[in-house]
Amino acid sequence: MAERDDPEIIGRRVQQLRTERGLTQKQLAEPVYTPAYISTVEAGRVRASEPALRHIAGRLGVAYEELATGRPAHLATDLRLRLTDAQRTLSTGEAEVAAGTYAVLLAEAEAHGLVAEQAAALLGLGECALDTGDLETAQRRFEESEQRMGDAPLTQRVPAVRGRAVSHYLAGELRYSCYLFESTLDELNRTGLHDPEALLLLYTGVIAPYMDMGAHARAAQAAEFALALAPQVQDPALVARMHRSVARTMIAEGRIAEADVSLAKAAELYRQLQIRTELANCHWMRGYLYAQNGELERAEDELREAQTMLSAKRAALYTSQVAVELADVLHRRGRSDEAGELLRQVLGDLNSERGAIHAAAAHRLLGIIAEDARDTEAAEEHYVRAMSLLERAGAAGDLADLCRLLGDLLRRTGRVEAALDAYRTGLGHRTAPGTTTLGPAPAQPPL
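Residues take numbers from 1 onward in each chain, read along the sequence in its written order. Residues qualify for local features only when their pLDDT is at least 70, as the model is predicted, and side-chain atom pairs are given and counted only at 80 or more; totals for whole chains, interfaces and linings, by contrast, use all residues. Hydrogens and water molecules were not included; the side-chain quantities draw on all heavy atoms of the structure.

**Description of the packing of aromatic side chains**
Part 1 of the reasoning: Here is the rule: rings of Phe, Tyr and Trp (six-membered ring for Trp) pair when centre to centre is within 6.5 Å. Planes less than 30 degrees apart are stacked, more than 60 are edge-to-face, and the remainder are tilted. Under the definition given, this model contains four aromatic pairs.
Part 2 of the reasoning: Plain terms: the ring middles of Tyr176 and Tyr179 are 6.0 Å apart, the flat faces sit at 25° to each other, and that makes the pair stacked. Of this pair, Tyr176 and Tyr179 both sit in helix α11 (residues 174-190), three residues apart, which is roughly one turn of that helix.
Part 3 of the reasoning: The exposure class of Tyr176 is partly exposed, given its relative accessible area of 33%.
Part 4 of the reasoning: Buried residues are those whose accessible area, probed at 1.4 Å on protein chains only, stays under 20% of the maximum for their type, while exposed residues exceed 50% and partly exposed ones sit between those limits. Residue class for Tyr179 comes out partly exposed when judged on its relative accessible area of 40%.
Part 5 of the reasoning: Just above the ring of Tyr64 sits the side chain of Arg54; from NZ or CZ to the centre is 3.9 Å. Each helix is a run of DSSP H or I of at least 4 residues and each strand a run of E of at least 2, with the numbering of both proceeding from the N terminus. Any Lys NZ or Arg CZ that is within 6 Å of a ring centre and within 35 degrees of that ring's normal is treated as a charge sitting over the ring.

Here it is in structure tokens:
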């Protein structure tokens, strides 16, 4: 396919515009050029110089850019402004509305050959798909965005890589998610591409899969790097996301007060920015924090607030994940029937390909509820299903805990050998928390 600045394409454009305006080649050429020169330009036999094209554009009454590229003047700027508006729409939680806008902008960018704007629209479509829980579409859109960027510097491709990694994490592919995060961080740090925003985006993103895989030391290190990078970053949404992610490591280390402060900072930033989905995630994380600290009433309030905010914006996957954690709090408050009903409602939205960690948590809790009701057969079935989900995801710490629960159940029902096997499996997962990623830790940034 011919390029937009190909001499033949430009020549046909000049001829069409001249004919539409009723001008002769002589009228178009005067007073600087000859009719013969205009003829060779229109035939595509010569590449017109910039001064010649500017002269011709002036005679035709069109912008130089439009004549040279075939694009309306200021189209790229207009598209970028509308892309920013779509991002603002997405940030308030209206993912489906934003997706419609991004799709229109993608079509316009493709029609006019604006590659950078195509990549930005595809990135936005990927983020919309993440919000609505369509992980397969999200992965595809992020991959397409990165492909459109071609040989662009890695720092420019980081948002698409981060999107791919988060998509795989939410799909339960923790090891591959960590690989994407780590290999990108390693390349940035080893090649001297120390862009603070790119690094912060990656370090905050990798914390969640590290935590779920039991790699707490690496999660803590990523959090420390993120905190050190934050003062260099001007994007408040990015800093807010960092505070929310870092809180996870503080919770794991028992630094409850510090975690609460970090989450409060994130919530305030998101409130200022009106980023509803991220604000809901802050309530979610605070609910988790209070649950870990035994403050169950406060935990329930925060989780219900998160669930209301997310369901209002139809963020289906996140809503289901919050429901699992809310069910755990309800069970601990003595409302097991309510918890069980909530879990059964959301399990249809969670599976090995979509929210595997929370699907496993739902089956684990249903197993515990079944055990309390003396239904050992149902309890064992839920534990086994949870183990299958966690093994696929590679969540070592959760697997070890689940093996203990299954072992205790088997021992109580007289199956001692099977119980010992479950305990041994659990110990195997517990003893190697540092080997959950796909190689040595990535190179460190020069902080």
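**Details of the pattern of salt bridges**
When the charged atoms of two side chains with opposite charge come close together, those side chains can pair.
Part 1 of the reasoning: Here, a salt bridge means any Lys or Arg side-chain nitrogen found within 4 Å of an Asp or Glu carboxyl oxygen. Applying the stated criterion across every chain yields a total of 27 salt bridges.
Part 2 of the reasoning: For Arg162, the salt bridge is made with Glu127, and the minimal N-O distance between the two is 3.1 Å. Placement of Arg162 in helix α10 (residues 154-170) and of Glu127 in helix α8 (residues 115-132) is noted, with a sequence separation of 35 residues between them.
Part 3 of the reasoning: Residue class for Arg162 comes out buried when judged on its relative accessible area of 11%.
Part 4 of the reasoning: One connected set of salt bridges, linked through shared partners, spans Glu300, Arg304, Arg333, Arg335 and Glu338.

**Examining the domain arrangement of the chain**
Part 1 of the reasoning: The split into domains, and so the bounds of each, comes from an automatic or database assignment of domains. Taken domain by domain, the chain comprises domain 1 (7-70), domain 2 (73-152) and domain 3 (314-430).
Part 2 of the reasoning: Computed over C-alpha atoms, the centres of domain 2 and domain 3 are 38 Å apart.
Part 3 of the reasoning: The contact criterion used is simple: two residues touch if any of their non-hydrogen atoms lie within 4.5 Å. With six residues of domain 2 at the interface, the matching set in domain 3 holds seven residues.
Part 4 of the reasoning: When domain 2 packs against domain 3, close to 510 Å² is buried across both sides, 46% of that on carbon and sulfur atoms.
Part 5 of the reasoning: The interface formed by domain 2 and domain 3 includes zero salt bridges.
Part 6 of the reasoning: We call two N or O atoms a polar contact when they sit within 3.5 Å, provided that within protein one can donate a hydrogen and the other can accept it, with sequence-adjacent residues counted only if both atoms are side-chain atoms. For the pair domain 2 and domain 3, the interface holds zero residue pairs in polar contact (both at pLDDT 80 or more).
Part 7 of the reasoning: Among the elements that line the side of domain 2 that touches domain 3, the one with the most residues is α8, at three residues.
Part 8 of the reasoning: The class makeup of the residues in the side of domain 2 that touches domain 3 is two nonpolar, two polar and two charged. Joining two parts hides part of their accessible area as seen by a 1.4 Å probe, and the buried area is that hidden amount summed over both. Just so you know the grouping, Ala, Val, Leu, Ile, Met, Phe, Trp, Tyr, Cys and Pro go in nonpolar, Asp, Glu, Lys and Arg go in charged, and all remaining residues, Gly too, go in polar.

**Section: helix α7 (residues 95-111)**
Part 1 of the reasoning: Taking 1.5 Å as the rise per residue, α7 with 17 residues should run 24 Å; its terminal C-alpha atoms sit 24 Å apart, in good agreement.
Part 2 of the reasoning: Among the residues making up α7, those that are buried are Ala95, Ala98, Tyr102, Leu105, Leu106 and Ala109. End-on view of α7: buried residues confined to an arc of 110°, all on one side of the axis.
Part 3 of the reasoning: Contacts made by the buried residues of α7 are with α6 (75-91), α8 and α9 (135-149). To estimate how far a helix should extend, the number of its residues minus one is multiplied by 1.5 Å. Relevant arc is that of directions from the helix axis to the C-beta atoms, nothing else.

**Side note on the environment of Leu296**
Part 1 of the reasoning: By the element assignment, Leu296 lies in helix α17 (residues 296-312).
Part 2 of the reasoning: As a C-alpha pair, Leu296 and Val329 span 33 residues in sequence and 6.2 Å in three-dimensional space.
Part 3 of the reasoning: With residues up to four places along the chain from it excluded, the contact list for Leu296 reads Ala291, Val329, Arg332 and Arg333.

**Concerning the packing of α7 against α8**
Part 1 of the reasoning: Simply put, an axis is a line fit to the C-alpha atoms, just over the touching stretch for a helix, and the angle between two N-to-C directions goes from 0 to 180 degrees. Relative orientation of the contacting elements α7 and α8 amounts to 160°, with a least axis distance of 9 Å. Our classification of the angle between α7 and α8 gives roughly antiparallel. For the pair α7 and α8, the crossing hand works out as left-handed. Residue-level contacts link Ala95, Glu96, Ala98, Ala99, Tyr102, Ala103, Leu105, Leu106, Ala109 and Glu110 of α7 to Glu117, Gln118, Ala120, Ala121, Leu122, Gly124, Leu125, Cys128, Asp131 and Thr132 of α8.
Part 2 of the reasoning: Of the residues assigned to the contact of α7 with α8, the class counts are 13 nonpolar, three polar and four charged. Angles below 35 degrees are treated as roughly parallel, those above 145 as roughly antiparallel, those between 65 and 115 as roughly perpendicular, and all remaining angles as oblique. Left-handed is the label given to a crossing in which the near helix is rotated counterclockwise from the far helix by less than a right angle, and right-handed is the label when the rotation is clockwise.

**Some details on the environment of Glu305**
Part 1 of the reasoning: Residue placement: Glu305 occurs in helix α17.
Part 2 of the reasoning: In this structure, the C-alpha to C-alpha distance between Glu305 and Arg47, residues 258 residues apart in sequence, is 63 Å.

**A closer look at the environment of Thr184**
Part 1 of the reasoning: Examined against the element boundaries, Thr184 turns out to sit in helix α11.
Part 2 of the reasoning: Distance in space between the C-alpha atoms of Thr184 and Arg157 is 9.8 Å, their sequence separation being 27 residues.
Part 3 of the reasoning: With residues near it in sequence (within four places) discarded, Thr184 still touches Leu154, Val158, Val161 and Leu202.

**Some details on the confidence of the model for the chain**
Part 1 of the reasoning: For every residue, the predictor states its confidence as a pLDDT score lying anywhere from 0 to 100. When pLDDT is averaged along the chain, the result is 84, and 91% of the positions lie at 70 or above.
Part 2 of the reasoning: For the chain, the element scoring lowest by mean pLDDT is helix α15 (residues 256-273), at 74; α9 scores highest, at 94.

**Re unusual backbone geometry**
Part 1 of the reasoning: A cis amide bond links Glu30 to the next residue, Pro31, at an omega of -5°.
Part 2 of the reasoning: Looking at the element boundaries, Pro31 is found in the loop between α2 (25-29) and α3 (35-42).
Part 3 of the reasoning: A positive phi angle is found at Arg374, which is not glycine, with a value near 65°.
Part 4 of the reasoning: Counting through the fold element by element, Arg374 comes out in the loop between α20 (356-372) and α21 (376-393).
Part 5 of the reasoning: Of the residues examined, Arg374 reaches a relative accessible area of 71% and is grouped as exposed.

**Considerations on the nonpolar core**
Side chains that are nonpolar tend, in soluble globular proteins, to be buried together.
Part 1 of the reasoning: Counting residues in hydrophobic clusters, the biggest one holds 106 residues, and the most contacted among them are Leu170, Tyr203, Leu343 and Tyr383.
Part 2 of the reasoning: With 12 residues, the single largest contributor to this core is helix α12 (residues 196-213).
Part 3 of the reasoning: When residues of this core are sorted by domain, at least three fall in each of domain 2 (73-152) and domain 3 (314-430).
Part 4 of the reasoning: Filtering out sequence-adjacent residues up to four positions away, Leu170 remains in contact with Leu130, Leu135, Leu317, Tyr318, Gln321, Arg354, Gly355 and Ala356.
Part 5 of the reasoning: Leu79, Leu83, Ala86 and Ala98 belong to the second largest nonpolar core, which has 17 residues in total. What we call a nonpolar core is a set of buried Ala, Val, Leu, Ile, Met, Phe, Trp, Tyr and Cys residues that are connected through their side-chain atoms within 4.5 Å.

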